[in-house]
Amino acid sequence: MYNKIDAVNSLRDSSNHIVINHLDNIKSICTKDRLIFSLRKFYMHLPAAVTAHYSIHDTTPTTFIVQSNCADNEFAAFGQRFNELSSRNYTKERMPPKHCEKNMWLVKPCGKNQGKGIEIFSSLADIRKFLLGKPMLTSWVVQKYIERPMLYGGRKFDIRVWALVTHKKELYFYRHGYIRTASDSYDLDSRENYVHLTNNCLQKYGKNYGAFEEGNTVSYATFIQYLSEQFPGKRFNFEAQFACRMKDVILDCYLSVKNELNQGGRRNCFELLGFDFLMDDDFRLWLLEVNTNPYLGIPNKYIEGLLPKMINDMFEIVLDPYIKPQNGVPAREVDNQFELIYSEARKINKRRPFTVEVYPFASETYSSERKMGMLAKNGFSALAKELASEAATDDLFHKFADQLISAMKDSKALTSNEQKDIGKTLKILSEGTRRATFFESSLFSFASQFIYSPKCSLPEELKNSVVWH
C-alpha cells in the first residue's frame, strides 16, 4: 500500500503524476450548512424531484440554518415550526409525528465534526439563550431530532459509509462499512451525549465504551443478523433494503455540487468521503452529514481487517493508472469493493426514480393492511368521513395522509375501483370541516399532482368534483 504512495512521489518531476487527495470546493457538501443549502437548491430545481414531490426533508431531518443573533428570517421560520409542533400541529412537518412528540432539536456548529459543539434542546427559550451566547453572526444548524430511532441492544447507532469521488467525475460507493453504537442506553429524557451522539471520537471517552461491542463498532453482517433475530417476521438484505437508499442519497449529494468541484480542472485528484446515516424504528434511513477526512482509526479487529482493504481498493482506482499492477491485471476488475454508481463519461447513473418508497417495508405494510381489511373492505373513503371531522386528532389525520400518499405513489398496483375510492376520499377531505388542514398538508400538494397525472384513471366528473381551493 505505502509502496504505491512512494512510487507516485518519485514522479514529482511530472505534474501529470502528482496525485492529490482532495477536490476543490468539497466543503459545498462537507460542512453542515452548505450541505443543506446544496441539497435544497438541487431538489428545488430538479424536475424529477419536483414532479415526485420530493424535497430535502425526505433526505434529511427538518433543518434550519440560523444566525446566532436570532434575528434572521430562518430563525423566525424555525421558531414558528417549533411552536407548531409544541401545539401538535404537524401540517407542515414532513417527519412522522411520532418523531415530534417531545419536540427535541439538535443545535450544531456548521464547521465542526466528530460531534464537537452539538447540543440537544426541547425549549425554544433555551435554544435562543444558547445562540445569543455565541459570537455574533455565526451560522448554526438547527435540526429536528429523530425521537424514535432504531436501537441496537437498546442503544442508539448510526451507519458509516464510504464514497470516493475522482477528478473524472466518477462516484464510487464502498460495499462495506460499519455500525457505530452509543455506550449508554437510549433515553429521551437524558441530555448525556454518550446516549445521543455515536461519533467514535466522542464515545471513546465514555465509561461504557467497549462494554457491549469492541470499539463500539459492528459490521453490516452482524447488524443484519441482529435485525433478523429481533424481527423474525421480516427478511433482511442490506444491499436491497438499505444500501440502495444510501446510494440514492450519496448520488444526490454529489450531483448537487458536481459542477462546483475541481473547477480548475486539476488532474489526478480525488476525495474519500464518509457519509453518516441514522435509521429510525421504521427502518427508514436519514442522512446526518458528509465528512471529508473521515475517521480511519482502528477501534477493533473488524476495522483492522476492513480498513487496509478499503484503502487498497481506493489506491487501485486512483494510483494504479500510473503504477502497473504486479500481476498485470487491474484488481478492480476482480474483487475491488468500490462500486461505480456515477460516471459522466460512461453515462452511468444508478440513482433510482424519486418515486421509490423511502420506507423499505412500505409495500409490505400496505399489503398487510389490505389483508386485514382496512383498505380492501372499507376503502379510504370509509375512514375519510371520520378523519375529515374536527373530532379526529392531528396525529391520526397525518398517519392516514401518509398511507394515502403511499397508495398514490403505488398507483400502478391500484384497481380502477381503488382509484375511484381515492378520488371520493379527496372530495370528502376537501369539503370537510378540516379542509384547512387538508389544504396545508403535503397530501394536498401530492394529490393535486396525482389526480391530473396520466397514471390517474379517474373519470373527469370525479376529478372536477374535488374542491381545490
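Structure: above.
The paragraphs below set out a description of the structure included in this document. (Residues numbered from 1 in each chain as written. Predicted model: local features only at pLDDT ≥ 70, side-chain atom pairs only at ≥ 80, totals over all residues. Heavy atoms only, no water.)

1. Considering the environment of methionine 95
Here is the rule: Each helix corresponds to a stretch of at least 4 residues labelled H or I by DSSP, and each strand to a stretch of at least 2 residues labelled E; elements are numbered beginning at the N terminus. Whether a residue is buried, partly exposed or exposed follows from its accessible area with a 1.4 Å probe, protein chains only, as a fraction of its type maximum: under 20%, in between, or over 50%, in that order.
In this fold, methionine 95 is placed in the loop between helix H5 (73-86) and strand E2 (105-109). Overall, the relative accessible area of 1% leaves methionine 95 in the buried class.

2. A look at helix H3 (residues 32-45)
Threshold: In this analysis, the expected span of each helix is defined as 1.5 Å times one less than the number of residues it contains.
Its 14 residues give H3 an end-to-end C-alpha distance of 21 Å, which sits within 8% of 20 Å, the value for a rise of 1.5 Å per residue. Of all the residues in H3, the buried ones are Lys32, Asp33, Leu35, Ile36, Ser38, Leu39, Phe42 and Tyr43.

3. What about the nonpolar core?
This is how the line gets drawn: By nonpolar core is meant a set of buried Ala, Val, Leu, Ile, Met, Phe, Trp, Tyr and Cys residues that side-chain atoms within 4.5 Å join together. For this analysis, residues touch if any pair of their heavy atoms sits within 4.5 Å.
Ile159, Phe275 and Phe277 are the most contacted members of the largest nonpolar core, which totals 59 residues. Considering each element in turn, this core owes the most residues, 11 residues, to helix H10 (residues 238-257). Contact partners of isoleucine 159, with chain neighbours within four places excluded, come to Tyr178, Ile179, Tyr220, Met246, Phe275, Asp276, Phe277, Met279 and Leu285. With 20 residues, the next largest nonpolar core counts Tyr172, Leu272, Leu306 and Leu319 among its residues.

4. Points about H10
For clarity, the cut-off: A residue's bend is simply the angle between two axes: one fitted to the seven residues ending at it, one to the seven starting at it. Two N or O atoms form a polar contact when they lie within 3.5 Å of each other; inside protein one atom must be a possible hydrogen donor and the other a possible acceptor, and for residues adjacent in sequence the pair counts only when both atoms belong to side chains.
Between its first and last C-alpha atoms H10 spans 28 Å; for 20 residues at 1.5 Å apiece the expected length is 28 Å, and the two agree. Where H10 bends most, the angle comes to about 25°, and this point is cysteine 244. By the N-cap criterion, in which a side-chain oxygen at the helix start approaches the backbone nitrogen of a residue two or three places on, H10 is capped by asparagine 237, the distance to glutamate 239 being 3.1 Å.

5. A few points about the environment of methionine 310
Counting through the fold element by element, methionine 310 comes out in helix H11 (residues 301-318). By relative accessible area, which is 0% here, methionine 310 ends up buried. In this structure the C-alpha to C-alpha distance between methionine 310 and histidine 176, which are 134 residues apart in sequence, comes to 8.4 Å. Beyond its immediate sequence surroundings of up to four residues, methionine 310 is in contact with Trp162, Tyr174, Leu272, Leu296 and Phe338.

6. Overview of the packing of H3 against H10
The following threshold applies: A fitted line through C-alpha atoms serves as each axis, taken over the contacting stretch for helices, and the angle formed by two N-to-C directions is quoted from 0 to 180°. An angle below 35 degrees is read as roughly parallel, one above 145 as roughly antiparallel, one from 65 to 115 as roughly perpendicular, and any other as oblique. Each residue gets one label: Ala, Val, Leu, Ile, Met, Phe, Trp, Tyr, Cys and Pro are nonpolar, Asp, Glu, Lys and Arg are charged, and the others, such as Gly, are polar.
Packing of H3 against H10 leaves a shortest axis separation of 9 Å and a crossing angle of 90°. In terms of their interaxial angle, H3 and H10 are classed as roughly perpendicular. Between H3, through Leu35, Ser38, Leu39, Phe42 and Tyr43, and H10, the contact on the second element is made entirely by Asp252, Cys253, Leu255, Ser256 and Val257. Across the contact of H3 with H10, the residue classes break down as 7 nonpolar, 2 polar and 1 charged.

7. Side note on the packing of aromatic side chains
Rules: For Phe, Tyr and Trp, rings pair up if their centres lie within 6.5 Å, where Trp contributes its six-membered ring, and each pair is then called stacked (planes under 30 degrees apart), edge-to-face (over 60) or tilted (otherwise). Two limits define a charge over a ring: the Lys NZ or Arg CZ must be within 6 Å of the ring centre, and within 35 degrees of the ring normal.
Here the structure, examined in full by the defined rule, presents 25 aromatic pairs. Through a chain of ring-to-ring contacts, three or more aromatic side chains come together here, namely Phe64, Phe75, Phe78, Phe82 and Trp105. Residue placement shows lysine 144 over the ring face of tryptophan 105; its charged tip is 5.9 Å from the ring centre. One residue, arginine 351, lies across the ring of phenylalanine 354, its end atom 3.9 Å from the ring centre.

8. A word on the environment of tyrosine 194
Secondary-structure assignment places tyrosine 194 in helix H7 (residues 193-196). Of the residues examined, tyrosine 194 reaches a relative accessible area of 22% and is grouped as partly exposed. Expressed as a C-alpha distance, the spacing of tyrosine 194 and lysine 207, which sit 13 residues apart in the sequence, is 9.3 Å. Not counting the four nearest positions on each side in its chain, tyrosine 194 is found in contact with Ala182, Ser183, Asp184, Leu202, Gln203, Tyr205 and Gly206. At 3.5 Å, the side chain of tyrosine 194 forms a polar contact with the backbone oxygen of tyrosine 205.

9. A closer look at the pairing of strand E9 (residues 270-279)
Basically, it comes down to this: A pair of strands counts as paired when DSSP detects no fewer than two bridges linking them.
With 10 of 10 residues buried, E9 lies mostly within the body of the structure. Of the two faces of E9, the one holding Phe270, Leu272, Gly274, Asp276 and Leu278 and the one holding Glu271, Leu273, Phe275, Phe277 and Met279 are both buried throughout. As defined by bridge partners, strand E5 (residues 157-166) adjoins E9 across 8 bridges and the pair is classed as antiparallel. Counted as the bridge partner of tryptophan 162 is glycine 274 from E9. Once E9 ends, the chain turns through 5 residues before running back antiparallel as strand E10 (residues 285-292), passing phenylalanine 283 with a positive phi of about 70°.

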